[in-house]
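# A closer look at the structure
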Amino acid sequence: MNFEQIFKNIDDVLYKDAGADSELDYIEQTSWVLFLCYLSSLEEDRKDEAELRGETYNHIIEEEYRWENWAMPKNAKGEYDQKNALTGADLIDFVDGKLFPYLRKFKLAHQENPQTLEYKIGEIFGELKNRVQSGYNMRDILEGIDTLPLKNSKDRHELSFLYETKIKNMGNAGRNGGQYYTPRPLIRAMIAVTDPQIGETIYDGAAGSCGFLCEAYEYLHTRMERTTGNLSKLQQHTLYGREKKSLAYIIGVMNMILHGIEAPNLIHINTLAMHDKQVQQKDRYDIVLANPPFGGKERPEVQQPFDIKTSETAFLFLEHFIRYLKTGGRAAIVIKNTFLSNTDNASVSLRKYLLETCNLHTVLDMPGGTFLGAGVKTVVLFFEKGEPTFGSTSSPTGSSVAEPVAGSVAEPVEATSNSTALRQAQGPKRTGSIWYYQLDPGRNMGKTNPLNDKDLAEFVELATLRQAQGTGAETEKSWNIATADPELVEGEARANSALRPLRQAQGTSQGLNAARTVGELVEPDEANATGPSTGSGSGPTATNGYDLSVKNPNTPEEAPLREPQAILAEMEQLDQDTKQLLDSIKELI
């Protein structure tokens, strides 16, 4: 059976209908029909299992609204009864006037347990609208969907691939369709580097089409020991998501179902509106994987619980993810590359918060064109959450970060001997060094040249090696930057300023210029004269606004342009050589 052709035929039917305008409408309408067909298949399976146990199965859907009664009625032989099937205006009247209102009631009836399938039915149809205006077109769609095999896991996996393709096509469909799709090779690379294990919880608060959760499921499912306990844990207690948009929610639910997750833990809600800065450890997650929307805005009341005062959704999401990550948890987050260097208060404060509370160990710089239609360059931040900084606040605003040890500036000799004490007083460093990798696929990225797994193979290999060795490889595409607790650096800079007159008087730096790493006391002038002892660039400090810019120091130098006179001289020499060669050939003739 050619599943791809079935989807194409359904798209052709929707194209002819007056109510569907774009690829977004096509996948929306296909999704709710596909969901009800799947629900019918699931209920049949549950009924068979109950009968094997000698039990009576209670259907979720009442008889009148079951797929086999209104969508694909059967005759006495169990065959499709086309004669008695609703069509035309009767079919549209039933869908709009009876089916959708019935399904919407499930949300209110099961609001006490939003994790149930019943609640998700109400969520999906709560804001969804049937856009198909012709009952004859609707009949063609129902008959096409009914031919899809939703019981067989192998066929369902093939359907998931085709469904992903439809989601990808939304990127060029207008109406911000690209926000629902993150290139799957990038997602797989992020998951491979983060390396989730069975038993860990994985969270995406900006789930979209649930690409991260689906790929995480595949990653774990292929690697774990196939026991009943592990399968149950993976299905029910591993993958968690939240999504604000109605269309993305139904697409995400359907995508997870097709990947084999029967009752997805996906909640239809504005994640940022539910942010709790006092979230308990038990409500946090081991791993966060996400590509939050950038460029969006949130209302002041949504911003209120956040320490970072900004309406930029991507910044709010990043603070949210750090808050909701368990101590020792791992994260991989896509964000605009301008976040690394913007000098506005929100950007500086958020970078400071990230460095103070987390070990930002890897930054993946993505090429332009990675996200079709987005028109922005992005980076991926890989970090681990550390213990709360001793002696300083974990607030992004940093209003109560401890000052250097009393007397360290007034007593220069003590400052020398108490460098370690200063570091201890400030707390353990959150970010020791950052490894950057600048992805260069060797071609212009675009619709005809999308990102693929091979493009990211070297990054995944080197990033995995970095985690094993503790330091990143230095190549033409990658480099390290040494860094330390930014507040400690600022305090030591003030100590250096006080020490400078003493050094000048004694004619010696008393060994304080021995080290160049950002965590040591350094004379600013000397710091500019030499490179770091570890890493290839200067690290983020309070002085530079915790700048994390991508500045590749290992890029090969381009050959200098030659003078025009030299080029002309070479051309004249080539002309002479050519004339001599022609003269030699003439002599032979």
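Placed above this text is the structure.
These remarks concern the structure in this document. Note that the structure is a prediction, hence the values are computed from the model and not measured.

### With respect to the overall build of the chain
Looking only at helices and strands, the chain has 20 helices and nine strands in total. Residue pairs at least 24 apart in sequence account for 75% of intrachain contacts in the chain once pairs closer than 6 positions are excluded. Approximately 27900 Å² of the chain is accessible, and the part contributed by carbon and sulfur atoms is 49%.

### Considerations on the nonpolar core
Counting residues in each nonpolar core, the largest one holds 102 residues, and the members touching the most others are Trp32, Phe35, Leu36, Trp67, Trp70, Phe125 and Leu364. Aside from chain neighbours lying at most four places away, what touches Trp70 is Trp32, Leu36, Glu64, Tyr65, Leu86, Leu91, Phe94, Val95, Leu99, Arg139 and Leu142. Listed in part, the 42 residues of the second largest apolar core include Phe339, Cys358, Val379 and Trp479.

### Looking at the side chain of Glu123
For Glu123, the location among the structural elements is in helix H5 (residues 117-127). A distance of 2.9 Å separates polar atoms of two side chains, one belonging to Glu123 and the other to His268. Residues in contact with Glu123, not counting those within four places in the same chain, are Lys107, Tyr249 and His268.

### Structural notes on the packing of helix H8 (residues 184-194) against helix H17 (residues 453-469)
Contact geometry of H8 with H17 gives a least axis separation of 9 Å together with a crossing angle of 15°. What the angle tells us is that H8 and H17 run roughly parallel. Between H8 and H17 lies a crossing of right-handed hand. Between H8 and H17, the residues in contact are Pro185, Leu186, Arg188, Ala189, Ala192 and Val193 and Asp453, Leu456, Phe459, Val460, Ala463 and Gln467, respectively. Across the contact of H8 with H17, the residue classes break down as nine nonpolar, one polar and two charged.

### Details of the packing of aromatic side chains
All chains considered together, the criterion is met by 20 aromatic pairs. Judged by centre distance (5.8 Å) and plane angle (35°), the ring pair of Trp70 and Phe94 falls under tilted. One end of the pair, Trp70, is in helix H3 (residues 67-70); the other, Phe94, is in helix H4 (residues 88-109), with 24 residues separating them in the sequence. Neither residue differs from the other here; Trp70 and Phe94 are each classed as buried. Plain terms: the ring middles of Phe100 and Phe125 are 5.1 Å apart, the flat faces sit at 90° to each other, and that makes the pair edge-to-face. Of the two residues, Phe100 is situated in helix H4 and Phe125 in helix H5; the sequence distance between them amounts to 25 residues. Given the relative accessible area of 2%, Phe100 is considered buried. Phe125 gets classed as buried once you look at its relative accessible area, which sits at 0%. Grouped by ring-pair contacts, the aromatic residues Tyr65, Trp67, Trp70, Phe94, Tyr102 and Phe106 constitute a single cluster.

### Let's talk about the pairing of strand E5 (residues 325-336)
Here strand E4 (residues 285-290) runs beside E5; their pairing, made up of five bridges, is parallel. Residue pairing across strands places Leu289 opposite Ala332, the latter belonging to E5. As paired elements, E5 and strand E7 (residues 378-385) share seven bridges and run antiparallel to each other. If you follow Lys336 over to E7, its bridge partner there is Thr378.

### Quick look at unusual backbone geometry
At Asp195, a residue that is not glycine, the phi angle is positive and equals roughly 55°. As for its placement among the helices and strands, Asp195 is situated in the loop between H8 and strand E1 (202-204). Residue Cys210 is not a glycine yet carries a positive backbone phi of 65°. By the element assignment, Cys210 lies in the loop between E1 and helix H9 (211-223).

Reading guide: rules and limits
Residues numbered from 1 in each chain as written. Predicted model: local features only at pLDDT ≥ 70, side-chain atom pairs only at ≥ 80, totals over all residues. Heavy atoms only, no water. Helix = DSSP H or I, 4+ residues; strand = E, 2+ residues; numbered from the N terminus. Contact = heavy atoms within 4.5 Å. Areas by Shrake-Rupley, 256 points an atom, 1.4 Å probe, with all protein chains shown as cover. Core = buried A, V, L, I, M, F, W, Y, C linked by side-chain atoms within 4.5 Å. Buried < 20%, exposed > 50% of the residue type's maximum accessible area, 1.4 Å probe, protein only. Polar contact = N/O pair within 3.5 Å; in protein donor to acceptor, adjacent residues only side chain to side chain. Axes fitted to C-alpha atoms, helices over the stretch in contact; angles between N-to-C directions. Parallel < 35°, antiparallel > 145°, perpendicular 65-115°, else oblique. Left-handed = near helix turned anticlockwise from the far one by under 90°. Nonpolar A, V, L, I, M, F, W, Y, C, P; charged D, E, K, R; others polar. Phe/Tyr/Trp six-rings, centres within 6.5 Å; stacked < 30°, edge-to-face > 60°. Pairing = 2+ DSSP bridges.

Take it as geometry only, folks, not as evidence of what the structure does.
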